[in-house]
Amino acid sequence: MHFKSLRIIVFLVAIATLSLSWAQQPRDVSRQLEDRRNLPPWVPGEIIVKLRAAGTGQPQPMPALNLEDTGRVLAGDERLYRLTQVPSSAGGRDDPTMDVVRQLNQREDVEYAQP
């Protein structure tokens, strides 16, 4: 009889421990979400570019904009470019990513660009 009551106590302690850890998870998630609010909604220095059909399908070099092709092609045949010079304040007020996106969207060989 003593062994059975010990098993019940161990079982109840295990349930209580699990329920306490589950109760703490929403706070952890909300803390992570709060931390993300301070980050820019894009990766500083990385730009997704969809090029218009140029016949060759090769990436266009864009040295004038300080962009390099990462070689990564995304699902919509978009290419991932990276700024070659990203300031230490990237993601802040002086982040050049959005300026380069605006310049790319004005080019005739670019269908669209987004950070």
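Here is a short report on the structure shown in this document. All figures in this text were calculated on a predicted structure; none of them were measured in a lab.

## Brief notes about unusual backbone geometry
Here the phi dihedral of N66 falls at roughly 60°; this positive angle occurs in a residue that is not glycine. With respect to the element layout, N66 can be found in the loop between β1 (46-51) and β2 (67-73). Note on N66: relative accessible area 34%, which makes it partly exposed. Here D77, not a glycine, exhibits a phi torsion of approximately 65°, which is positive.

## A short note on the pairing of strand β3 (residues 79-83)
Among the five residues of β3, four are classified as buried, and the element is accordingly described as predominantly covered. By the bridge criterion, four bridges tie β1 to β3 in an arrangement that is antiparallel. The residue of β3 that forms the bridge with I48 is L80. As defined by bridge partners, β2 adjoins β3 across four bridges and the pair is classed as antiparallel. By the bridge assignment for β3, V73 is matched with R79. The antiparallel pairing of β2 with β3 creates a hairpin that spans five residues between the two strands, and D77 there sits at a positive phi of about 65°.

## Some details on the sheet that holds strand β4 (residues 110-114)
Read across the sheet, four strands follow the order β2-β3-β1-β4 without closing on themselves; strand pairing throughout is antiparallel. Every other strand in the sheet has two partners, leaving β2 and β4 as the edge strands with one partner each. Mean inter-strand twist for the sheet, computed between neighbouring axes without regard to direction, equals 30°. Each of β1, β2, β3 and β4 is contacted by helix α2 (residues 97-105), which is oriented at about 165° to β4, the strand it contacts most.

Scoring rules and cut-offs
- Residues numbered from 1 in each chain as written.
- Predicted model: local features only at pLDDT ≥ 70, side-chain atom pairs only at ≥ 80, totals over all residues.
- Heavy atoms only, no water.
- Helix = DSSP H or I, 4+ residues; strand = E, 2+ residues; numbered from the N terminus.
- Buried < 20%, exposed > 50% of the residue type's maximum accessible area, 1.4 Å probe, protein only.
- Pairing = 2+ DSSP bridges.
- Axes fitted to C-alpha atoms, helices over the stretch in contact; angles between N-to-C directions.
- Contact = heavy atoms within 4.5 Å.

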